[in-house]
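Below are the chains, spelled out letter by letter.
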Amino acid sequence: MGESWVNLAERIGSDLHLELSGAGSRRAVLIRALRDAVREGRLAPGTRLPPYRSLAADLGLARNTVADAYAELVAEGWLTARQGSGTRVAERAAPPRRTRVPKPAPARPAAPAHDLRQGRPDPGSFPRTAWLTAARRALAAAPNEAFGPGDPRGRIELRRALAGYLARARGVRADPGRVVVCSGFAHALRLLFAGTDGAGGAVLRGPLAVESYGLGFHREILRGAGVRTVPLGLDEQGARVEELPVAGRGGRVRGALLTPAHQFPTGGPLHPSRRAAVVDWARAGGGLLLEDDYDGEFRYDREPVGAVQGLDPEQVVYLGSVSKSLSPAVRLGWMVLPERLVEGVVASKGEREAWASVLDQLTLAEFIASGQYDRHIRRMRQRYRRRRDLLVSALAERAPHITATGVAAGLHAVLRLPPGTEASAAKAAAWQGVAVEGLAEFRHPRATMAVADGLVVGYSTPAEHAYGAAVDALVRALPPGP
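Everything in this summary refers to the structure shown in the same document.

Rules used throughout
Numbering of residues begins from 1 in every chain and follows the order in which that chain's sequence is written. Local features in this predicted model are restricted to residues whose pLDDT is 70 or higher, and side-chain atom pairs enter the listing and the counts only when it is 80 or higher, whereas totals over whole chains, interfaces and linings include all residues. Just so you know, side-chain values use all the structure's heavy atoms and leave hydrogens and water out. For every residue, the accessible area (1.4 Å probe, protein chains only) is compared with the maximum for its type, and the residue is labelled buried under 20%, exposed over 50%, or partly exposed between those bounds. Only DSSP runs of H or I reaching four residues or more are called helices, and only runs of E reaching two or more are called strands; each is numbered from the N terminus. Paired strands, in this sense, are two strands between which DSSP finds at least two bridges. A pairing counts as a salt bridge when a side-chain nitrogen of Lys or Arg comes within 4 Å of a carboxyl oxygen of Asp or Glu. Here an axis means a line fitted to C-alpha atoms, over the contact stretch when the element is a helix, while the angle between two N-to-C directions is reported on a 0 to 180 degree scale. The sense of a crossing depends on the near helix, which, turned anticlockwise from the far helix by less than a right angle, makes the crossing left-handed and, turned clockwise, makes it right-handed. Residue contacts are defined here by distance: any two heavy atoms, one from each residue, within 4.5 Å place the two residues in contact. Polarity classes work like this: nonpolar for Ala, Val, Leu, Ile, Met, Phe, Trp, Tyr, Cys and Pro, charged for Asp, Glu, Lys and Arg, and polar for all others, with Gly in that last group. To qualify as a nonpolar core, a set must consist of buried Ala, Val, Leu, Ile, Met, Phe, Trp, Tyr and Cys residues joined through side-chain atoms within 4.5 Å.

Time to look at the pairing of strand E14 (residues 412-416). Most of E14 sits out of view: 4 of its 5 residues are buried. For strand E13 (residues 403-405) and E14, the ladder comprises 3 bridges, and the chain directions are antiparallel. Its bridge partner lying in E14, Thr 405 is registered against Val 414. Hairpin connection from E13 to E14: 6 residues lie between these consecutive antiparallel strands, with Gly 406 at a positive phi of about 70°. Pairing geometry for E14 and strand E17 (residues 454-458), over 5 bridges, is antiparallel. Across the sheet, the residue bridging to Ala 413 is Val 457, located in E17.

Next comes the structure, spelled out in structure tokens:
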């Protein structure tokens, strides 16, 4: 066989991009261009230049012109030439360049010593070894067509795995044909309300009822899509669904976005009578329920609460992701859709650039099918329960006047504070180096229910070794008892 490509490239040298412009002979213009390239650092010391015959052919110059230019630059010390080594940029320090001393950047505030914000699983708990094993198995078993354009609904391997897991663990009634893979809950909202269904309109339209306390980020997505949100009151039984007007009968809303398994952020499941009532509401007026099952796997002191979707799959859009159970870095979520919405959502996904990574989909499918996902959930459930217990016991011992609610499930608790103390408690926590959110940050701007003071404390975020210190710092920041 002939000479290898590596050796051939070494013999020919590097490609050069030179701007041959300005006054003077061709030889003078070439010398000036080479000097500028070395001076400006575009040709680093030691760079091998092309043989003069090659460069002459590339630039459309006579060979002697290039040979003379090389010779002069060697004489000046810009280049070196050795038998068998070719012509190279000389190994010497470039002339010092006058540079402006940049102004110092403004100092950034120091990162908090303890992060107790909600919605952030411990990044150190990601199951790297098991995930890597699943990735290897998935890639080895994947058919060649998996690396082609693909299906906008998502890989069939993942849709089958999700349909089986959700039926078993969450009571969801689904078949793979009604599962659409997305990149998370926010992406699902955009597909449903901000995308186009292929006929020039959004898949769903507002107005949309939402809980009086929830993520402002989700409300902003809806507002950006032109969807008006109407707040529903909350009490110890969850969302007050009796406030929903009947769609199509002078009502103001077409659907409702709820967190039935564990109301976010106040905690607690939607009462069984209200679960049935909201499904009846949707049936009666052609409305639709969007079920955000954001942390349904994590329960501690209660029986599992299944998905509302199981009561009527044609009236509920079931939404979930792995952002809480695995990591927000794994950009995978899913929708289990009523049959009538599947085509519109698939059209809303559009071109392939908006689809989730096929490699991650195949890995998650294997992770679920192998049982590793269940094992990871059980392991994290035990870890988060210990963290919750430490928080509750610290409050009982050192701040018994503060009540923690919503602790039977989930990854956060709400610390109920005396009226008027939320802002000062959040400020005191910041002084203690604790990042924590006040309950007011999650309140709908048009909510009419009574204001409650509290701190939303995420106990899943800190590393295991740092959690005890985080709880100590938080307790020091709480307002004193009567």
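Next comes the rest of the account.
Attention now goes to unusual backbone geometry. Along the chain, Gly 206 connects to Pro 207 via a cis peptide bond; the corresponding omega equals 0°. Of note, Pro 207 is situated in the loop between helix H7 (185-194) and strand E5 (208-211). Between Phe 264 and Pro 265 the backbone carries a cis peptide bond, its omega angle lying at 5°. You can see Pro 265 is positioned in the loop between strand E9 (255-258) and helix H9 (272-285).

Throughout the structure, instances matching the rule amount to 28 salt bridges. With its nearest N and O atoms 2.8 Å apart, the salt bridge here joins Glu 220 to Arg 223. Of this pair, Glu 220 and Arg 223 both sit in helix H8 (residues 216-224), 3 residues apart, which is roughly one turn of that helix. Look at the salt bridges and you will find they share partners, linking Asp 235, Arg 240, Glu 242, Glu 243 and Arg 274 into a network.

On to the packing of helix H6 (residues 156-170) against helix H11 (residues 358-369). The interhelical angle for the contact between H6 and H11, taken along N-to-C directions, is 35°, at an axis separation of 8 Å. Considering only the axes of H6 and H11, their crossing is left-handed. Residues Glu 157, Leu 158, Ala 161, Leu 162 and Tyr 165 of H6 lie in contact with H11, whose contacting residues are Gln 361, Leu 362, Leu 364, Ala 365 and Ile 368. Of the residues in the contact of H6 with H11, the class split is 8 nonpolar, 1 polar and 1 charged.

Okay, the environment of Ser 424 next. As for its position among the elements, Ser 424 is in helix H13 (residues 422-431). Separated by 53 residues in sequence, Ser 424 and Ala 477 place their C-alpha atoms 9.0 Å apart.

In this section: the packing of helix H12 (residues 372-398) against helix H14 (residues 467-477). Direction vectors running N to C along H12 and H14 enclose 35°, while the axes themselves pass 10 Å from each other. Remark: the crossing between H12 and H14 carries right-handed chirality. Facing Arg 387, Arg 388, Leu 390, Leu 391, Ala 394 and Arg 398 of H12, the residues of H14 in contact are Tyr 467, Val 471, Asp 472, Leu 474, Val 475 and Arg 476.

Formed by 56 residues in total, the largest nonpolar core has its most connected members in Leu 364, Leu 391 and Leu 455. If we skip the residues at most four places from it in the chain, Leu 455 touches Ala 413, Val 414, Leu 415, Leu 417, Glu 422, Ala 425, Ala 426, Val 436, Glu 437, Gly 438, Leu 474 and Leu 478. Counting residues in each nonpolar core, the second largest holds 26 residues, with Val 180, Leu 191, Phe 193 and Val 203 among its members.

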